[in-house]
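Residue-level structural notes
For reference, the chains in residue letters:
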Amino acid sequence: MTLAELEIARSQSLAEIAAAGDAAAVEALRVKYIGRNGSIPALIKGMKDVPPAERPAFGKAIQAWKAEVEKALAEKGLGDKAEKAVAADLTMPGRWFTLGAKHPLSRVIEETARIFGHLGFTVADGPELENRFNNFTALNTPAHHPSQDRTDTFWFNDDCLLRTQTSPVQIRTMLANKPPIRVICPGRTFRRDTTDATHSANFHQIEGLYVDTKPVSLADLKSVLAYFAREMMGDGVKVRFRPHFFPFTEPSVEVDFSCHVCKGKGCRVCKDSGWIEVAGAGMVDPRVFGFVGYDPKAVSGYAFGFGVERIAMIKYGIPDIRWLYENDIRFLSQLA
Ligand code: PHE
């Protein structure tokens, strides 16, 4: 074939492709020109018979032709993928997308914000990376307290740690605002716990803080927590305070809800006691007010801290905390 003949074949092939009316015709032209036994591969194979002096010009012309044919076929929407395109079966069932559900921890946090919202509490936020002052010192926790120990807390350096509780958000809120203060502070917290069915090195708390220039009492705290218990767990849930110790509250209590499963009679969920521990709480220690520049004689308040996993586990009957982190859709979809 001479270059002139090649030029004729080229324009003919492009005209044929342009005129092809359906997918089958395009496919037939693909086979005719660039298929394994098509005319262009045959010309490439025949290159060895072309006189050496003409080879470069001839080779170039064939490659250009091939590229044009491919482009023209592709513009017809088929080209190399012709077989696949023809094989698309529009009667096949569509791909099935399963809808997710809100995670139980998010649901507990949102529900808590809603309940305390009714009582005039707003949501405050703080960083997961804290300093010693906010996480310990201003919370009246001395350097020798076991919670400051390297074996209990993730320290980055002498002053920087992963917060062990949401209580530092109390400090941040008081430093930035004047009383009255009513906030809840949900968030992620970290302790050097080994993970088992009820512990995780990374868990969530919801802090609550109320400070006012009017006298605030332990009875106020109890009534607010009783309201929260009923809203979160259902009617009839009672609240019990047990004396405890926290460095930043005085007096301090641990808070139990009566077991919502057996109504306080005793069952597996409450380990036969009729009560389930859910929070730490107490009246804000005057020394904490001193650390944030409030006059301890002029203000009073209460604080509490819930474990979010705790509430989720008892509310939804989840026996193992690890299920909350595994992202197994078979588990999560049951709570939707
Ligand atoms: N921060 C305490 C803890 O993590 C809980 C708590 C919060 C206790 C507020 C009293 C007041 O155990």
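Check the entry above for the structure.
Quick caveat, the model's predicted, so the values are computed rather than measured.

1. Here's the deal with the site of the ligand
- Around the ligand lies a shell of 14 residues, among which Gln165, Ser167, Arg191, Gln205 and Glu207 are the nearest.
- Contacts to the ligand include Gln165, whose side-chain N or O atom sits 2.8 Å from a nitrogen atom.
- Ser167 places a side-chain nitrogen or oxygen 3.0 Å from a nitrogen atom of the ligand.
- Isolated, the ligand exposes 320 Å² of accessible area, and the fraction of that covered by the protein chains is 91%.
- Elements that contribute at least two residues to the shell around the ligand include exactly strand S5 (202-212), strand S8 (275-284) and strand S9 (300-307).
- Per-element tally for the shell around the ligand: the top contributor is S9, with three residues.
- A breakdown of the residues in the shell around the ligand according to their chemical character gives five nonpolar, seven polar and two charged.

2. A closer look at the packing of aromatic side chains
- Taken as a whole, this structure holds 15 aromatic pairs when the rule is applied.
- Ring centres 5.6 Å apart and planes at 70° place the aromatic pair Trp323 and Phe331 in the edge-to-face group.
- Accessibility expressed as a relative area gives 36% for Trp323, which makes it partly exposed.
- For Phe331, a relative accessible area of 12% translates into the label buried.
- Feature note: the residues Phe116, Phe121, Tyr210, Phe228, Phe257, Tyr302, Phe304 and Phe306 constitute an aromatic cluster, connected by ring pairs.
- Taking NZ or CZ as reference, Lys222 lies 5.6 Å from the ring centre of Phe241, over its face.

3. With respect to a negative patch on the surface
- Together, Asp149, Asp152, Asp193 and Asp196 make up a region of like negative charge exposed at the surface.
- Along the chain, Asp196 falls in the loop between strand S4 (181-190) and S5.
- With a relative accessible area of 33%, Asp196 lands in the partly exposed category.

4. Topic: the environment of Asp212
- In this fold, Asp212 is placed in strand S5.
- Using a relative accessible area of 5% as the deciding quantity, one classes Asp212 as buried.
- Sequence separation of Asp212 and Ala298 is 86 residues, and the distance between their C-alpha atoms is 8.7 Å.
- When sequence neighbours within four positions are dropped, the list of residues in contact with Asp212 reads Pro179, Pro180, Ala298, Val299 and Ser300.
- Of the polar contacts made by the side chain of Asp212, one reaches the side chain of Tyr210; its length is 2.7 Å.
- At 3.5 Å, the side chain of Asp212 forms a polar contact with the side chain of Thr213.

5. Digging into the pairing of strand S7 (residues 249-258)
- Taking burial as the measure, the 10 residues of S7 include eight buried ones, the bulk of the element.
- Bridge analysis of strand S6 (residues 239-246) against S7 gives seven bridges, and the strand direction is antiparallel. Bridge pairing in S7 places Val239 opposite Phe257.
- Following S6, the chain reverses through two residues before pairing antiparallel with S7.

Reading the values: the criteria
Residues numbered from 1 in each chain as written. Predicted model: local features only at pLDDT ≥ 70, side-chain atom pairs only at ≥ 80, totals over all residues. Heavy atoms only, no water. Near = heavy atom within 4 Å. Polar contact = N/O pair within 3.5 Å; in protein donor to acceptor, adjacent residues only side chain to side chain. Areas by Shrake-Rupley, 256 points an atom, 1.4 Å probe, with all protein chains shown as cover. Helix = DSSP H or I, 4+ residues; strand = E, 2+ residues; numbered from the N terminus. Nonpolar A, V, L, I, M, F, W, Y, C, P; charged D, E, K, R; others polar. Phe/Tyr/Trp six-rings, centres within 6.5 Å; stacked < 30°, edge-to-face > 60°. Buried < 20%, exposed > 50% of the residue type's maximum accessible area, 1.4 Å probe, protein only. Lys NZ or Arg CZ within 6 Å of the ring centre and 35° of its normal. Patch = residues over 30% accessible without salt bridge, like charges linked within 9 Å, V, L, I, M, F, W, Y side chains within 5 Å. Salt bridge = Lys/Arg side-chain N within 4 Å of Asp/Glu carboxyl O. Lys, Arg positive; Asp, Glu negative; His and termini not counted. Charge placed at Lys NZ, Arg CZ, Asp CG, Glu CD. Contact = heavy atoms within 4.5 Å. Pairing = 2+ DSSP bridges.

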